[in-house]
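Observations on the three-dimensional arrangement
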Amino acid sequence: MEFEFVYKRHSVRQFKDEQVPEQTIKELIKAATYAPSGKNQQNWHFVAVTDKNKIAEIARIVEAKNAELATYLRDEAKIKGFKGTVAYHTVFKGAPVLILVYAGPYETIADMLLADGIMSREEAMKYAKPNPGIQNIAAALENLQLAAASIGYGTCWMTGPTYAAEEISTYLGFNKEGYHLAAMTPLGIPSADKLSSPPRKPVDDVLTIIG
């Protein structure tokens, strides 16, 4: 079985200083939109930032939000650990492109049960756990990353920086009713010639076959 297009995807955090053509960005977003989505809602919107100064400012926004949120923590170990994540949450600052993926509204059975008010919130929220609205965005971003890797570009799935979602959206002036920033990925040519990924768990450890 030929699955090389899957195994070519790696998390890339360092990029060459080369711009990504606008047409390439559009083709990658097109590939992303061919992901499956519940009820074919396609509740995604992509914002591609190509200005290096704007990308750098987004990194500074994440750094500032990280510092702010750390003040609400009391445990020193947690404070140190959370502050230590900021370097990982800003690795996109060296990329020529930053793609933000927004998730739009998606009504679930949990929403309907809550609206009718007969079932308790605790009981109704059990049915929200699959969160198909976010799964749609995840599928689209995976499509984008696989497509990018297949033509020599690197990406890195990121959700950590979304704690600064409101500040980032305000800075960019992006506002689409009902949408929120769910994930992002840098995009560019990897600076390293050879890429690798952490070992995966054995298939037998993560697979149950019920005949």
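The paragraphs below set out a description of the structure included in this document. (Residues numbered from 1 in each chain as written. Predicted model: local features only at pLDDT ≥ 70, side-chain atom pairs only at ≥ 80, totals over all residues. Heavy atoms only, no water.)

1. Thoughts on the overall build of the protein chain
- Counting secondary structure elements, the protein chain contains 10 helices and four strands.
- Helices and strands in the protein chain line up, N terminus first, as α-α-β-α-α-α-β-α-α-α-β-α-β-α.
- Reported as C-alpha extents along the three principal axes, the dimensions of the protein chain are approximately 55 × 50 × 35 Å.
- Considering the protein chain as a whole, with its 211 residues, one finds that 36% of them fall into the buried category.
- Summarising the internal contacts of the protein chain: among those between residues at least 6 apart in sequence, 83% fall at separations of at least 24.
- Looking at the protein chain as shown, the accessible area adds up to about 13,100 Å², and 54% of this sits on carbon and sulfur atoms.
- Charged side chains in the protein chain number 23 positive and 24 negative. The centres of these two groups are separated by 4 Å. (Helix = DSSP H or I, 4+ residues; strand = E, 2+ residues; numbered from the N terminus. Buried < 20%, exposed > 50% of the residue type's maximum accessible area, 1.4 Å probe, protein only. Contact = heavy atoms within 4.5 Å. Areas by Shrake-Rupley, 256 points an atom, 1.4 Å probe, with all protein chains shown as cover. Lys, Arg positive; Asp, Glu negative; His and termini not counted. Charge placed at Lys NZ, Arg CZ, Asp CG, Glu CD.)

2. Examining the environment of S196
- Along the chain, S196 turns up in the loop between strand 4 (180-188) and helix 10 (203-206).
- You can call S196 exposed: its relative accessible area is 61%.
- Counting along the chain gives 27 residues from S196 to S169, while the straight-line C-alpha distance between them is 33 Å.

3. A look at the pattern of salt bridges
- Taken as a whole, this structure holds seven salt bridges when the rule is applied.
- Across the salt bridge formed by E167 and K65, the nearest N and O atoms sit 2.8 Å from each other. One end of the pair, E167, is in helix 9 (residues 165-172); the other, K65, is in helix 3 (residues 52-70), with 102 residues separating them in the sequence.
- Residue class for E167 comes out partly exposed when judged on its relative accessible area of 30%.
- Note on K65: relative accessible area 13%, which makes it buried.
- Through salt bridges with shared partners, a single ionic network connects K65, E68 and E167. (Salt bridge = Lys/Arg side-chain N within 4 Å of Asp/Glu carboxyl O.)

4. So, the packing of helix 3 against helix 4 (residues 76-84)
- Where helix 3 contacts helix 4, the two axes come as close as 10 Å, and the packing angle between them is 175 degrees. Taken together, the axes of helix 3 and helix 4 lie roughly antiparallel to each other. Between helix 3, through N66, L69 and A70, and helix 4, the contact on the second element is made entirely by I79, F82 and K83.
- The residue makeup of the contact of helix 3 with helix 4, split by class, is four nonpolar, one polar and one charged. (Axes fitted to C-alpha atoms, helices over the stretch in contact; angles between N-to-C directions. Parallel < 35°, antiparallel > 145°, perpendicular 65-115°, else oblique. Nonpolar A, V, L, I, M, F, W, Y, C, P; charged D, E, K, R; others polar.)

5. Here's the deal with the sheet that holds strand 1 (residues 44-49)
- Read across the sheet, four strands follow the order 1-2-4-3 without closing on themselves; strand pairing throughout is antiparallel. Looking at the sheet topology across the chains shown, the edges are occupied by strand 1 and strand 3 (154-155).
- One ladder, built from two bridges, connects strand 3 with strand 4; its direction is antiparallel. Counted as the bridge partner of G154 is G188 from strand 4.
- Running over the sheet, helix 8 (residues 132-150) touches strand 1, strand 2 (97-103), strand 3 and strand 4 and is turned about 5 degrees from strand 4. (Pairing = 2+ DSSP bridges.)

6. Structural notes on unusual backbone geometry
- Look at K39: it is not a glycine, yet its phi comes out positive at around 55 degrees.
- The residue K39 is located in the loop between helix 2 (22-32) and strand 1 in this model.
- The phi dihedral of Q42 falls on the positive side, at around 50 degrees, and the residue is not glycine.
- The topology assignment puts Q42 in the loop between helix 2 and strand 1.
- Classification of Q42 by relative accessible area gives partly exposed; the value is 36%.

That is the geometry; function is a separate question.
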